[in-house]
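This is what each chain is made of:
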Amino acid sequence: LQAKGAQVLSKPFLCSGGVGNGKQIAAALALGADGVNCGTRFCATQECNWPSTYKHRMLQANETDTVLMLRRLNNTCRVFRNKVSAEVEEIESQKGEDFDFSDVAHLVNGKRGRAAEVKGDPDGGIWSAGQVVGLIDSIPTCAQLIADMMEECVDTIQNRLQSMTVVAPRSRL
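Residues numbered from 1 in each chain as written. Predicted model: local features only at pLDDT ≥ 70, side-chain atom pairs only at ≥ 80, totals over all residues. Heavy atoms only, no water.

Here we come to the overall build of the chain. Tallying secondary structure elements over the chain gives eight helices and four strands in all. Reading the chain from its N end, one meets helices and strands in the order α-β-α-β-α-α-β-β-α-α-α-α. The C-alpha atoms of the chain give 20 Å as radius of gyration, which overshoots the globular expectation for 173 residues (16 Å, by more than 25%). Dimensions of the chain, computed from the C-alpha atoms along their principal axes, are close to 75 × 40 × 25 Å. Across the 173 residues that make up the chain, the buried fraction comes to 36%. (Helix = DSSP H or I, 4+ residues; strand = E, 2+ residues; numbered from the N terminus. Rg over C-alpha atoms; globule rule 2.2 N^0.38 Å. Buried < 20%, exposed > 50% of the residue type's maximum accessible area, 1.4 Å probe, protein only.)

Encoded structure:
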């Protein structure tokens, strides 16, 4: 969608989703985005107020440790795969076309999620996370994360991408 955005939008736009390192920033810029919005990656920083138990779960995760929920309701959200999200998936699958939000409201409501967060229980409620979770291998400060991401972005653009350009000889005609 970023390349389409670059074609049809007259205003600057941000790539939001799927950005967790400098290579992905470079890719977003190459596709026409004017910047990026990083969500999941910044949840695993020292400044994020999420419990350390959530952050450590993210360190252990891979890109398949998220799940799309509530698709049948046209209200899709991607969350970290845990006991509650598995229960929601099971209910949604069993109910099929008869699935209604009231079937899972008690599992996905904000009150339950907030209580789990306060307890530091990563299995007690749902919490948003994108597939970028599979790239997380440290819990840096925000400043260090930004510095590392930008260094990788610049390196990707200046070295990897630039090495792929071929300058065609000019015609003498």
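The structure having been displayed, the exposition proceeds.
Of note, L70 is a non-glycine position whose phi angle comes to about 65°, a positive value. Turning to its location among the elements, L70 is positioned in the loop between β3 (66–69) and β4 (77–80). Of note in this structure, N74 is not a glycine but carries a positive phi near 55°. Tracing the chain through its elements places N74 in the loop between β3 and β4.

Right, let's get into the pattern of salt bridges. One pass over the structure, following the stated rule, counts five salt bridges. Of the charged contacts, one joins D123 and R57 as a salt bridge, the two residues approaching to 2.8 Å between their closest N and O atoms. Taken together, the positions of D123 in the loop between α7 (110–119) and α8 (142–161) and R57 in helix α4 (residues 52–60) put the pair 66 residues apart, joining distant regions of the chain. Accessibility expressed as a relative area gives 22% for R57, which makes it partly exposed. (Salt bridge = Lys/Arg side-chain N within 4 Å of Asp/Glu carboxyl O.)

Moving on, we come to the packing of helix α2 (residues 22–30) against α8. As a packed pair, α2 and α8 sit with axes 7 Å apart at the nearest point and diverge in direction by 55°. Here α8 runs oblique to α2, going by the angle between their axes. In this structure, α2 crosses over α8, and the sense of that crossing is right-handed. Counting all contacts with α2, which are made through G22, K23, I25, A26 and L29, the residues of α8 involved are M149, M150, E152, C153, T156 and I157. (Axes fitted to C-alpha atoms, helices over the stretch in contact; angles between N-to-C directions. Parallel < 35°, antiparallel > 145°, perpendicular 65-115°, else oblique. Left-handed = near helix turned anticlockwise from the far one by under 90°. Contact = heavy atoms within 4.5 Å.)

Taken together, the side chains of L29, I157, L161 and M164 present a nonpolar region at the surface, about 320 Å² in accessible area. Within the secondary structure, L29 sits in helix α2. Residue classification places L29 among the partly exposed residues on the basis of a relative accessible area of 35%. (Patch = residues over 30% accessible without salt bridge, like charges linked within 9 Å, V, L, I, M, F, W, Y side chains within 5 Å. Areas by Shrake-Rupley, 256 points an atom, 1.4 Å probe, with all protein chains shown as cover.)

As a further point, take α4. Considered for burial, the residues of α4 that qualify are Y54, K55 and M58. The arc enclosing the buried residues of α4, seen along the axis, measures out at 100°, which places them on a common side. (Arc of directions from axis to C-beta.)

Moving on, we get to the packing of aromatic side chains. A full pass over the atoms with the stated rule returns four aromatic pairs. Aromatic pair Y54 and W127: ring centres 4.6 Å apart, planes at 40°, arrangement tilted. A residue pair is termed long-range when its members are at least 10 positions apart, and Y54 in helix α4 and W127 in the loop between α7 and α8 qualify at 73 residues. Among the residues examined, Y54 registers a relative accessible area of 2% and is labelled buried. A network of ring pairs unites the aromatic residues W50, Y54, F80 and W127 as a single cluster. (Phe/Tyr/Trp six-rings, centres within 6.5 Å; stacked < 30°, edge-to-face > 60°.)

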